[in-house]
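Topology and contacts: notes
If you want the building blocks of each chain, they are given just below.
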2 protein chains.
Amino acid sequence: MDAGDHPPRNHGRNKIPSPWFFFCREDCAMIAMGAIQTMYHDFKPIAGRPLYIQVKEYIRQQIVKGTFQGGQKLPSTRELSLLLNVSRNSVISAYESLTDDGYAYTVQGQGSFVSATVVHGQDGSAEDAGWRLDWSQRLSREARLAEELDIMKHGVRAERGTISFTSIAPDESLFDLENVKRAFLARMAVEGHVLLNYGYAKGYKPLLDYLRQYMEQKGVDLDGKDLLITNGFTEGFDLVLSALGRKHGAVLCENPTHHTALKNMRLHGLEVCGVPMGADGIDLAALEASLKQRAYDWAYLIPSYHNPTGIVTSPEKRHVLMKLMAAYQVPVIEDGFNEELRYSGSHVAPLIAAAGSGNGVIYLGSFSKVLFPGLRVGWVLADKDLIYYLESVKRARSIHTSTLDQSILYQYLLGGNLEKYLRRARTEYKRKYELTLACCKQYLPDAAVSGDGGLHLFVTFPEGFSTRELLMACKAQGVIFTLGEMFFTDGTGQNTLRLGFSRVSDENIRKGIEIIGNAATRLRNGRGNGQC
Amino acid sequence: MDAGDHPPRNHGRNKIPSPWFFFCREDCAMIAMGAIQTMYHDFKPIAGRPLYIQVKEYIRQQIVKGTFQGGQKLPSTRELSLLLNVSRNSVISAYESLTDDGYAYTVQGQGSFVSATVVHGQDGSAEDAGWRLDWSQRLSREARLAEELDIMKHGVRAERGTISFTSIAPDESLFDLENVKRAFLARMAVEGHVLLNYGYAKGYKPLLDYLRQYMEQKGVDLDGKDLLITNGFTEGFDLVLSALGRKHGAVLCENPTHHTALKNMRLHGLEVCGVPMGADGIDLAALEASLKQRAYDWAYLIPSYHNPTGIVTSPEKRHVLMKLMAAYQVPVIEDGFNEELRYSGSHVAPLIAAAGSGNGVIYLGSFSKVLFPGLRVGWVLADKDLIYYLESVKRARSIHTSTLDQSILYQYLLGGNLEKYLRRARTEYKRKYELTLACCKQYLPDAAVSGDGGLHLFVTFPEGFSTRELLMACKAQGVIFTLGEMFFTDGTGQNTLRLGFSRVSDENIRKGIEIIGNAATRLRNGRGNGQC
C-alpha cells in the first residue's frame, strides 16, 4: 500500500463531521490537529511484514516516546483505520496485540487505553539516570589486543571494482542451494521439533556418528578418542587453547602460519615460536633444534594446504615429524584445513592417523572452506578424556552449536552431496589454481611461488623487496592481496604475499597478476608508487 | 536393499567358473577365499545414502586398514558388483570417487589400482608413533572448573518416565515448524548464496536492523549505542566478561541468580557478591550497603522473570536501582531473559531503557527461551565504543554466528510470527503457571512460592528443611526438580528448589507436586527417604 494515499487532512475548522473530526472531538485535549497530521503522516508501511504489526509498532512507538500517556484513550479502531489508511481489522488486531504485550487495556464499551507504562523516569525524563561511562577505560587486555590484531579492521579493504586476491573463502557460485534446501526440509520433516529445542554441548548425535566414520575412513584409530562439535575451526581452536594448561607458556608452529591462529595464540598470552617451512613442509632439522633448545606446551601445525604457503607435507615427512614430537613429548594441534581440496596425487592421511593408537594429536576439522562457511560447524577429535573436559568448556561458552546448522550439514553429507560438490569444486579450483600458477610464472618471474593446491598461492620475492610498497602501488591500480608478513611469527616476511584465487574470475586473475607483475618490475627498477 | 540378499558364496572348490572364481583367479594371491567371504559379507548398506558412496567407503576402509595395499589391483567393476550385490554403475561411480580422492588410480585397459597411500608407519604399523599422554595432567584451571561446575554432568538426571521439573526450555509442541520452514525457504530464495558464505562478526545486517527497531520499541534510546549478534545469551555474556577489564576483581549480582551466569563469572575468576532478593526484586537497602562497603567492576542483574525466583522488578524500583548504580558508577549487565513472556500486568521496560541516554547498561537479549533454543542467536546492545571492541573479541572467538540461523530468525520475525507464536505460548504457559501455583498452594502449604510468570516457580521451605533430602525422596518416586542451592552465591538456599513447568503435562504437574508435597510432609515429620 501507499502510505501517502491518506484521506484528505483537516486543515482548519470543519463544516461537516469527518473521521478525524470525531477523533479530535473525543480526544481534543490530547494532540493538536497539526500534531495529528505530523503524527500519522510518518506511518510508512513496508512490504513483507503484516500490516497489523506495523500499526501496533507505530502506536507502541508513540506510547514509548510519551506522545500517548498512561491512562489516555487511544483513537477508536474506525478512526485509526481512516487516519492510517489501513483496514479496520488491522487496527483491531494491532490493539489486541498491544493489549497482549501490556501496552494497552480495554474498557468494555469505551475503547482501548494506554497502560501506565513507565519507561523513563517518573518525571517523564530519562536524564536522571543518564550517566555516562568511558568504556575505553574499562577494557581488558584481551579486548584491546583483539582489536589491535583484527585484520578486518586494520587490513586492506576492497573497494567496489577492485580485483581482490585477499579472500580464501569458497566461490559461492559453486554452492548447490537445492541440495541444502532438500537437506533442511528432510531433516525438519524427520525431527523439526527436536532441531529447534536445546541440543547437546557435544553435538548433534547423527553428525557426531557421521564424522566418527568419516575420520575413521581417513585412517584414524578412534579407540580411546572422542569428538566435539564446535562453531567452526575458530571456536574449536579457542576452546582447546582455553582447556590446555601451561607449564612452559611457549608453543611451536610453522613460520609462517595461519594468521587467525597466530592472533588467537597471542590473545591467550602464549609465546609463539615459529619453525621455518621447507619446500615439502616444516623444516625437520630446524624443528629438532627448537625442540632441543627449550620445552613447549604443544605445537600447532597445518600439514595440508598450509596457510599461507599452500604446501602439503608428504606422508613420509608426517611420520618422521610425529616420531620427533613423540620423542620430545610435545603434543600436536592439527589444523585439518582444506584437507578435502586435493586436485592430484595420492590421498594423504592426517597426522592424527599417522599417530595410530597414540593420543598425542588434537585434530581440528571443518568443512567451512570446502562447503559453506555460513554454516558454522567444525569439530575437535582427540583423546576422550580431553574431549570430556572440552565439552564442559564448550557448554560454558556457548551451550551448543546451532542444531539446525549441524542437521543440515549431516543430511547434506548423508545424501552424498559432498562428493558431488567436491567433484565440481575441484575441477573449478584446479583450473583457477593452474591459471594463477601460470600467471605467476609469466608475470612474476623473479618470485618463488608455493602452493600444492587449495585456494591460494604464496609468493616470495627476493630479500629486500617490500610487498607493502607493492600493495600500495597495486591498490592504486585496483588490485589488492594479503601481505605475507601478517603470517610470520617473527616480524619477517616483508617480501611475501598471499594470493587467494577462489573468488576471482579467470579474466581478473590474468589482469590482476599482470598488474602486480608490472608494479613489481617498476618497484625493483626504483620507480615505484604505482604510476603508469 | 537387503545386504543379506547376496549371491551364494563360494564354499570350497568351484566346478564351474563363477564371478567370484574370476575374481579369485585374477587376484588369487591377494586374499584367500575365506577372507573374501568374511570381507564382503560385512557390507551392509543403509537407507538414505547413495549406494555408490557406501561402496566407495567400504573399499576405502579396506585400503586404510591395509587389506588392500598400495599398487594392488582392485576387483573389476563386474566382480565387485556381484560380490556386493550392487549395480555395476554403483561400482563404477565408487571407483571414480576413490580416484578423485586419491585412493586409487586407473590404468587404461587394466583396471583400478590402489594408490600408495601411507596412513600408518612405513612398516605398516602405527605403533612407532603411538605415544600416549596423560591429558588430565595438562588441563587448565578453567577446564577443570568448567567440568566441576557443569550441572549437566553432576546434576540430577531424568530417567525415562520421570516427572522432571528441571527444564525451563520451551515446550516444543508449541513450535510452529511451518513458519520456520517458510522463513528458511523465503530467505534462501532471496540470497541463498550469501547466507552460505562468510558473514560479518557483528551480525546479519537485516537482523541487526530489525533488533535495533525492536529495542527502540522497548523504549531504548539508541543514540550512541550499537548491537552485536552472538551465539545466544551465553556467548554474549562470555564475550562481555572477557572484554571488560578488572580493577576490583569483584562483581555484584542478585542472590540467588542464574546458575550459568554464576558459573561463568566464577570461570572468569571473579569474586561474586550476591545481594538478597526482596519480593519485588533486589533488596535496595542491602544493595546500597554493599555498594558502600567496597568497589565493584560491574553488576549482573535479571530484572524480569528473574532466574530462579521468577520475580519481575517493578518499573519504579528499576528507576531507583539505576540511580543507585549511577551514583556509585557501577555499570550493569542486564539479562533480558524471557522479558517477552509476560502473562498479565503492564509492559515493563528494560533497565537499558530506564537508563535513557546513559551508557551504563549492557543489555543481553535472546529469543531462545521464548522461541527456539536450537537457533543459537542472541545479541548485545551497549555503548557503541564497547561494541566496537566486542566485535573484535567475537571475531577472534568464533568468526560470526550462523548466518542461516540469523536469517531464519529475521524472516520469521519480519513475517509477524513472533506475535502469533507468543499469543499461543502465553496462553499455554499461563495456564500451566496458574496450575503449578495452585498445586504448590495445595500440596506445599508451608512453603513460600515466588514467580510472576515465565516458565518456572521458586519454592522456599522453612529454614532447616533440606531440599536435597527432598530430592532424594522424590527421585525414588519418579519426580525430580532443580536444587535451589546452585543458584546461591554464598552456599545458602538449602531449603529452596526451582520448578520448571514448561515441558510438564498438566497431569504430571498435579501428580508431581503432590508427590513432592507428600515427601516434604514425611520429611518434616522425620520419616524421610521416600518410602510410601
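Structure report, in brief. Quick caveat: nothing in here was measured; it's all calculated off a predicted structure. (Residues numbered from 1 in each chain as written. Chains lettered and ligands numbered in written order. Predicted model: local features only at pLDDT ≥ 70, side-chain atom pairs only at ≥ 80, totals over all residues. Heavy atoms only, no water.)

**So, the overall build of chain A**
- Within chain A, the secondary structure is distributed over 19 helices and 16 strands.
- Split by element, the accessible area of chain A, about 20000 Å² in all, is 50% carbon and sulfur. (Helix = DSSP H or I, 4+ residues; strand = E, 2+ residues; numbered from the N terminus. Areas by Shrake-Rupley, 256 points an atom, 1.4 Å probe, with all protein chains shown as cover.)

**Focus: unusual backbone geometry**
Residues and elements named next belong to chain A.
- Here the residue pair Asn 255 and Pro 256 is connected by a cis peptide bond, since its omega of 5 degrees sits within 30 degrees of zero.
- Looking at where Pro 256 falls in the secondary structure, it is placed in the loop between β5 (250-255) and α11 (259-267).
- Cis geometry is adopted by the peptide bond preceding Pro 308, which originates at Asn 307 and carries an omega value of 15 degrees.
- Along the chain, Pro 308 turns up in the loop between β8 (298-301) and α13 (315-327).

**A closer look at the interface of chain B and chain A**
- At the junction of the two partners, chain B supplies 140 residues and chain A supplies 140 residues.
- Summing both sides of the interface, chain B and chain A together bury roughly 12500 Å²; the carbon and sulfur share of this comes to 55%.
- Three residues stand out in chain B for area buried against chain A, namely Trp 131, Trp 135 and Gln 217 of chain B, and they jointly supply 7% of the buried area on that side.
- For the pair chain B and chain A, the number of links is 18 salt bridges.
- Across the pair Lys 56 of chain B and Glu 419 of chain A runs a salt bridge whose closest N-O atoms are separated by 3.5 Å.
- Summed over the shared surface of chain B and chain A, the result is 66 residue pairs in polar contact (both at pLDDT 80 or more). (Contact = heavy atoms within 4.5 Å. Buried area = accessible area lost by both parts, 1.4 Å probe. Salt bridge = Lys/Arg side-chain N within 4 Å of Asp/Glu carboxyl O. Polar contact = N/O pair within 3.5 Å; in protein donor to acceptor, adjacent residues only side chain to side chain.)

**So, the relation of the copies chain B and chain A**
- Relative to chain A, chain B is turned by 180 degrees and slid 0.0 Å along the rotation axis, the superposed coordinates differing by an RMSD of 0.1 Å. Both chain copies can therefore be described as sitting about a two-fold axis.
- The overlap is high: 100% of the interface residues of chain B also sit at the interface in chain A, so the same surface is used on both sides. (Least-squares fit on C-alpha atoms with pLDDT ≥ 70 in both.)

**Section: the pattern of salt bridges**
- Under the criterion given, the structure shown has 65 salt bridges over all chains.
- Asp 101 of chain A serves as the salt-bridge partner of Arg 60 of chain A, at 3.7 Å between the closest nitrogen and oxygen. Taken together, the residues span a long stretch of sequence, with Arg 60 of chain A in helix α3 (residues 51-65) and Asp 101 of chain A in the loop between α5 (88-100) and β1 (104-107) at a distance of 41 residues.
- A salt bridge links Lys 430 of chain B to Glu 434 of chain B, with the shortest nitrogen-to-oxygen separation between them at 4.0 Å. Taken together, the residues Lys 430 of chain B and Glu 434 of chain B, both in helix α17 (residues 417-443) and four residues apart, mark about one turn of the helix.

**Focus: the packing of aromatic side chains**
- For the coordinates displayed, the defined rule picks out 36 aromatic pairs over all chains.
- Ring plane angle 75 degrees and centroid distance 6.2 Å describe the contact between Tyr 204 of chain A and Tyr 410 of chain A, whose orientation is recorded as edge-to-face. Taken together, the residues Tyr 204 of chain A in the loop between α8 (177-196) and α9 (205-217) and Tyr 410 of chain A in helix α16 (residues 403-414) connect sequence positions 206 residues apart.
- Residue classification places Tyr 410 of chain A among the buried positions, given a relative accessible area of 13%.
- Grouping aromatic residues by their ring pairs yields a cluster made of Tyr 204, Tyr 210, Tyr 214, Phe 367, Trp 379 and Tyr 410 of chain A.
- One residue, Lys 153 of chain A, lies across the ring of Tyr 388 of chain B, its end atom 3.6 Å from the ring centre.
- Positioned above the aromatic ring of Tyr 296 of chain A, the side-chain terminus of Arg 294 of chain A is 5.6 Å from the ring centre. (Phe/Tyr/Trp six-rings, centres within 6.5 Å; stacked < 30°, edge-to-face > 60°. Buried < 20%, exposed > 50% of the residue type's maximum accessible area, 1.4 Å probe, protein only. Lys NZ or Arg CZ within 6 Å of the ring centre and 35° of its normal.)

**A word on the environment of Tyr 52 of chain A**
- Looking at where Tyr 52 of chain A falls in the secondary structure, it is placed in helix α3.
- Separated by 43 residues in sequence, Tyr 52 of chain A and Tyr 95 of chain A place their C-alpha atoms 8.7 Å apart.

**Points about the environment of Ala 158 of chain B**
Residues and elements named next belong to chain B.
- With respect to the secondary-structure elements, Ala 158 resides in the loop between α7 (151-154) and β3 (163-164).
- Taking C-alpha positions, Ala 158 is 7.1 Å from Ile 480, a pair spaced 322 residues apart along the chain.
- Sequence-distant contacts of Ala 158, defined by excluding residues within four places in its chain, comprise Ser 164 and Ile 480.

**Considering α3 of chain A**
Residues and elements named next belong to chain A.
- Its 15 residues give α3 an end-to-end C-alpha distance of 21 Å, which sits within 8% of 21 Å, the value for a rise of 1.5 Å per residue.
- Burial runs high along α3: 12 of the 15 residues are buried.
- Considered for burial, the residues of α3 that qualify are Tyr 52, Ile 53, Gln 54, Val 55, Lys 56, Glu 57, Tyr 58, Ile 59, Arg 60, Gln 62, Ile 63 and Val 64.
- Once α3 ends, the next one or two residues include Gly 66, with phi positive near 95 degrees. (Expected span 1.5 Å × (residues − 1).)

**Digging into the sheet that holds strand β15 (residues 482-483) of chain B**
All names here are of chain B.
- With antiparallel pairing, the four strands of this open sheet are ordered in space as β12-β13-β16-β15. Two strands close off the open sheet at either side, each with one partner strand: β12 (448-450) and β15.
- Where strand β13 (residues 456-460) lies against strand β16 (residues 496-500), five bridges are found, and the strand directions are antiparallel. Bridging across to β16, Leu 457 finds its partner in Leu 499. (Pairing = 2+ DSSP bridges.)

**A look at the sheet that holds strand β10 (residues 361-366) of chain B**
All names here are of chain B.
- Spatially, the eight strands line up as an open sheet ordered β4-β11-β10-β9-β8-β5-β6-β7, and their pairing is mixed. Looking along the sheet, the strands with just one partner apiece sit at the ends: β4 (225-230) and β7 (281-282).
- As defined by bridge partners, strand β5 (residues 250-255) adjoins strand β6 (residues 271-278) across six bridges and the pair is classed as parallel. Residue pairing for β6: Ala 250 is matched across the bridge by Glu 271.
- Together, β5, β6 and β7 form the strand contacts of helix α12 (residues 284-293), whose direction differs from that of β6 by roughly 155 degrees. (Axes fitted to C-alpha atoms, helices over the stretch in contact; angles between N-to-C directions.)

**A closer look at the state of the cysteines**
Residue and element names in this part refer to chain B.
- Counted by the stated rule, this structure contains zero disulfides over all chains.
- Here Cys 253 is not cross-linked by a disulfide; its sulfur's nearest cysteine counterpart is in Cys 273, at 8.1 Å.
- Note on Cys 440: no disulfide assigned, nearest cysteine sulfur contributed by Cys 439 at a separation of 7.2 Å.
- The buried category is assigned to Cys 440, whose relative accessible area is 0%. (Disulfide = S-S within 2.5 Å.)

**What about the side chain of Ser 392 of chain A?**
- Relative to the assigned elements, Ser 392 of chain A resides in helix α15 (residues 384-398).
- Excluding residues that lie within four positions of it along the chain, Ser 392 of chain A makes contacts with Ala 146, Glu 147, Asp 150 and Lys 153 of chain B.

**Some details on the pairing of strand β2 (residues 111-114) of chain A**
- With four bridges joining them, β1 of chain A and β2 of chain A adopt antiparallel strand pairing. For Val 107 of chain A, the partnering residue across the bridge sits in β2 of chain A and is Gly 111 of chain A.

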